[in-house]
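# Per-entry structural report
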Amino acid sequence: MQGGSMHGDGGQAKSFLSPTKETDGYEKSWDPAIHMATSHKDSIDDAGQDEIILVRKQTKIGQVVSLVVALEERAGAMAAAEIKIGQVDDVQELHRTGLQTVPDRYIRDGDDRPDGDNVCAVAHIPVIDVAELQRDDVGLDKLRLACEEWGFFQVVNHGIAHELLDEMERLAREFFMLPLEEKEKYPMAPGGIQGYGHAFVFSEDQKLDWCNMLALGVEPASIRQPRLWPTAPAGFGETLETYSAEVGELCRRLLARIAETLGLAPATFADMFGEAVQAVRMNFYPPCPRPDLVMGLSAHSDGSAVTVLQQDAGCAGLQVRGKGGAWVPVHPVPHALVVNIGDTLEVLTNGRYKSVEHRAVANGEQDRLSVVTFYAPAYDVELGPLPEFVTDEAPCRYRRFNHGEYSRHYVTSRLEGKKTLEFAKIDPLAGEHDGTAPEETST
Ligand SMILES: O=C(O)CCC(=O)C(=O)O
Ligand SMILES: [Fe+2]
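These numbers come from a predicted model, not from an experiment. (Residues numbered from 1 in each chain as written. Chains lettered and ligands numbered in written order. Predicted model: local features only at pLDDT ≥ 70, side-chain atom pairs only at ≥ 80, totals over all residues. Heavy atoms only, no water.)

A few words now on the overall build of the chain. Scanning the chain from N- to C-terminus turns up 9 helices and 17 strands. Buried positions account for 57% of the 443 residues belonging to the chain. In the chain, the proportion of contacts linking residues at least 24 apart, taken out of those at least 6 apart, comes to 75%. Split by element, the accessible area of the chain, about 17500 Å² in all, is 51% carbon and sulfur. (Helix = DSSP H or I, 4+ residues; strand = E, 2+ residues; numbered from the N terminus. Buried < 20%, exposed > 50% of the residue type's maximum accessible area, 1.4 Å probe, protein only. Contact = heavy atoms within 4.5 Å. Areas by Shrake-Rupley, 256 points an atom, 1.4 Å probe, with all protein chains shown as cover.)

Following this line, the structure appears as structure tokens:
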């Protein structure tokens, strides 16, 4: 175990000094919340302590939940503080009560609401034909432009059977439709990232997203927490494995082509990434009585190398930050997959390709589901700009760091635009947007 640990202590924060025996299986290698340690203390606390230990106090979704954080100094002296994350409701349960308004914790400040005048309805992200990428340079040119101009595109002819996509969507939806008691059998620990619940919540004053999540580590097998894999609906685990194998293959193919668009050998990323990490997050957004006041999922960039998102064909919700700063809705194309560049590729390319902020808005009438796969290097891989991208004109913008370190930083920080990437920036104050007008057309 590195640094802190998470304990199932049955509601009692017993002793910060002598952690009690692990009882609930959270003590697994991957869940970065249990590795909260020296390198990222600023994401929860700036107090300068060297070690953070999270202790679960109560985890019942829909109840008051709090985190007790013990801050242990290297010398052994102790300071302790309690981080309260307050009432975290299950939004499907809220919806079921038929409420006409939304609790205060979901209501965003004016400029953080979805329908400001900063939404650009006419633009749309590019659509890339994967079969064309294999065939000729025209496809590669389109891909290069999509990566440079948007960092987001939809892929068609991706080679994954539509029946498999439909089946994964059906099973994910069925899971979210189960009674709360069933879903609570797979609880996401506060501050955790795997299981059913709410990730990225760290304080009482934090606004909450109008979303329920099921998140699971999939590859390599060592990051799996089998007791958090739903046994209902029937076939869920098997389908997720097949689905993930196919999506992983697609990621590898896309990364090879992306490498080519950068003038690199196709195997560059595969060689570098080692045993790649793959995780899935299923997001369910029930209808909201005031979609104009809430956010489905806060704006963020993904910490991955690439992300593959399957979205509900029937309901739009995903919005992407265009280069000029406007939010551009991603209109679902049936059986297409949405692909985006994550923070890892931004660092490796020294910002030539950027991870792009995105968010999900809620809907007044319809629910919406997304199944999202994050594909990233092995945790022990060291990242930093590749020499090819550091020149006199493009000086090095990111420091070198271990990917596992970044991953832990990412999941222990709230979702806040591209703030998490400041961890890697040599000059964190450098701006993101180039000040150009929002795009009017796609490529
Ligand atoms: O539901 C969506 O469309 C966005 C999901 C997303 O960005 C994520 O899970 O990282
Ligand atoms: Fe995302």
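On we go.
Coordination of the iron ion (ligand 2) by the protein is provided by His-300 (NE2), Asp-302 (OD) and His-358 (NE2), with metal-donor distances spanning 2.1 to 2.3 Å. Donor residues for the iron ion (ligand 2) sit on one chain with the sequence pattern H-x1-D-x55-H. Residue Asp-302 is found in the loop between β9 (297-300) and β10 (306-311), and its partner His-358 is found in strand β14 (residues 358-360); the two are separated by 56 residues along the sequence. Exposure class is identical for Asp-302 and His-358. Each is buried. (Donors = N, O, S within 2.8 Å, 3.2 Å for Na, K, Ca; no water.)

Adjacent strands of a sheet pair through backbone hydrogen bonds, lying either parallel or antiparallel. With antiparallel pairing, 4 strands are arranged side by side in an open sheet as β9-β14-β11-β12. In this open sheet, the two edge strands, each paired with only one partner strand, are β9 and β12 (327-329). Strand after strand, the sheet turns through a mean of 20 degrees between neighbouring axes, direction not considered. In this structure, β9 lies alongside β14, joined through 2 bridges in antiparallel fashion. Across the sheet, residue Leu-297 finds its bridge partner in β14, namely Ala-360. (Pairing = 2+ DSSP bridges. Axes fitted to C-alpha atoms, helices over the stretch in contact; angles between N-to-C directions.)

Turning our attention to the pattern of salt bridges. Scanning all chains against the criterion turns up 21 salt bridges. In this structure, Asp-209 and Arg-108 form a salt bridge, with 2.5 Å as the shortest nitrogen-oxygen distance. Placement of Asp-209 in the loop between β6 (195-197) and β7 (212-219) and of Arg-108 in the loop between α1 (91-96) and β4 (127-129) is noted, with a sequence separation of 101 residues between them. Note on accessibility: Asp-209 and Arg-108 belong to one class, buried. (Salt bridge = Lys/Arg side-chain N within 4 Å of Asp/Glu carboxyl O.)

Below, the discussion takes up the sheet that holds β7. In spatial order, the strands read β4-β5-β13-β10-β15-β8-β7-β6; together these 8 strands make up an open sheet with mixed pairing. Looking at strand neighbours, the two that pair on one side only are β4 and β6, the edges of this open sheet. The mean angle between the axes of side-by-side strands here comes to 25 degrees, regardless of whether they run parallel or antiparallel. By the bridge criterion, 7 bridges tie β7 to strand β8 (residues 277-285) in an arrangement that is antiparallel. Across the sheet, the residue bridging to Leu-214 is Met-282, located in β8. The strands that helix α4 (residues 162-177) touches are β6, β7, β8, β10, β13 (337-341) and β15 (368-376); relative to β8, the one it contacts most, it runs at about 60 degrees.

Let us now look at the site of ligand 1. In the vicinity of ligand 1, 14 residues are found, and the nearest of them are Arg-281, Tyr-285, His-358, Arg-368 and Ser-370. His-300 has a polar side-chain atom sitting 3.0 Å from an oxygen atom of ligand 1. Notes on ligand 1: free accessible area 300 Å², of which the protein chains cover 100%. Every element with two or more residues in the shell around ligand 1 is listed here: β8, β9, β14 and β15. Considering every element that reaches the shell around ligand 1, the biggest residue donor is β15, with 4 residues. Along the lines of polarity and charge, the residues of the shell around ligand 1 split into 7 nonpolar, 4 polar and 3 charged. (Near = heavy atom within 4 Å. Polar contact = N/O pair within 3.5 Å; in protein donor to acceptor, adjacent residues only side chain to side chain. Nonpolar A, V, L, I, M, F, W, Y, C, P; charged D, E, K, R; others polar.)

Glancing now at helix α6 (residues 236-261). Between the first and last C-alpha of α6 there are 37 Å, a value that for 26 residues agrees with the 38 Å anticipated at 1.5 Å per step. A positive backbone phi angle near 80 degrees is found at Gly-263, which sits one or two residues after α6. (Expected span 1.5 Å × (residues − 1).)

A word on the environment of Ala-267. Among the structural elements, Ala-267 can be located in the loop between α6 and α7 (268-273). Remark: the alpha-carbon pair of Ala-267 and Ala-256, spanning 11 residues in sequence, is separated by 5.9 Å.

In this section: the side chain of Thr-307. Mapped onto the secondary structure, Thr-307 falls in strand β10. Judged by its relative accessible area of 0%, Thr-307 falls in the buried class. Among the polar contacts listed, one links the side chain of Thr-307 to the side chain of Asp-302, at a separation of 2.9 Å. The contacts of Thr-307, once residues within four sequence positions are left out, are Asp-302, Val-338, Val-339, Asn-340, Val-372, Thr-373 and Phe-374.

Applying the stated criterion across every chain yields a total of 13 aromatic pairs. Ring centres of Tyr-106 and Trp-210 lie 5.3 Å apart, and the angle between their planes is 80 degrees; this geometry places the pair in the edge-to-face category. Remark: Trp-210 occurs in the loop between β6 and β7 and Tyr-106 occurs in the loop between α1 and β4; sequence separation between them is 104 residues. By the burial criterion, Tyr-106 is buried, and Trp-210 matches it. These aromatic residues form a ring-pair network of at least three members: Phe-175, Phe-176, Tyr-186, Tyr-196, Phe-236 and Phe-284. Against the face of Phe-423 rests Arg-399, its NZ or CZ located 4.5 Å from the ring centre. (Phe/Tyr/Trp six-rings, centres within 6.5 Å; stacked < 30°, edge-to-face > 60°. Lys NZ or Arg CZ within 6 Å of the ring centre and 35° of its normal.)

On to the layout of surface pockets. As a volume, the largest pocket reaches approximately 800 Å³. Along the walls of the largest pocket sit 39 residues, with Asp-112, Ala-299, Leu-415, Glu-416 and Gly-417 positioned nearest its centre. With 3 residues, β9 is the single largest residue contributor to the lining of the largest pocket. (1 Å grid on protein atoms, 1.4 Å probe; cavity = no way out; pocket = protein on both sides within 12 Å on 5 of 7 lines; lining within 4 Å. Points joined across faces, edges and corners; volume = space filled by probe spheres on them.)

Mapped onto this numbering, the UniProt entry annotates "domain: Fe2OG dioxygenase" (unreviewed entry) at residues 268-377. Each end of residues 268-377 is marked by a C-alpha atom, and these two atoms are 12 Å apart; helix forms 11% of the span and strand 39%. (UniProt positions renumbered as here; feature names shortened; annotations may be inferred.)

Attention now moves to unusual backbone geometry. For the bond from Glu-219 to Pro-220, the omega torsion is -5 degrees, close enough to zero to count as cis. Along the chain, Ala-232 connects to Pro-233 via a cis peptide bond; the corresponding omega equals 0 degrees. Its identity as a non-glycine residue notwithstanding, His-335 has a phi of 65 degrees, on the positive side. Counting through the fold element by element, His-335 comes out in the loop between β12 and β13. When its relative accessible area of 29% is taken as the criterion, His-335 is described as partly exposed. At Asn-350, a position not held by glycine, the phi torsion is positive, near 55 degrees.

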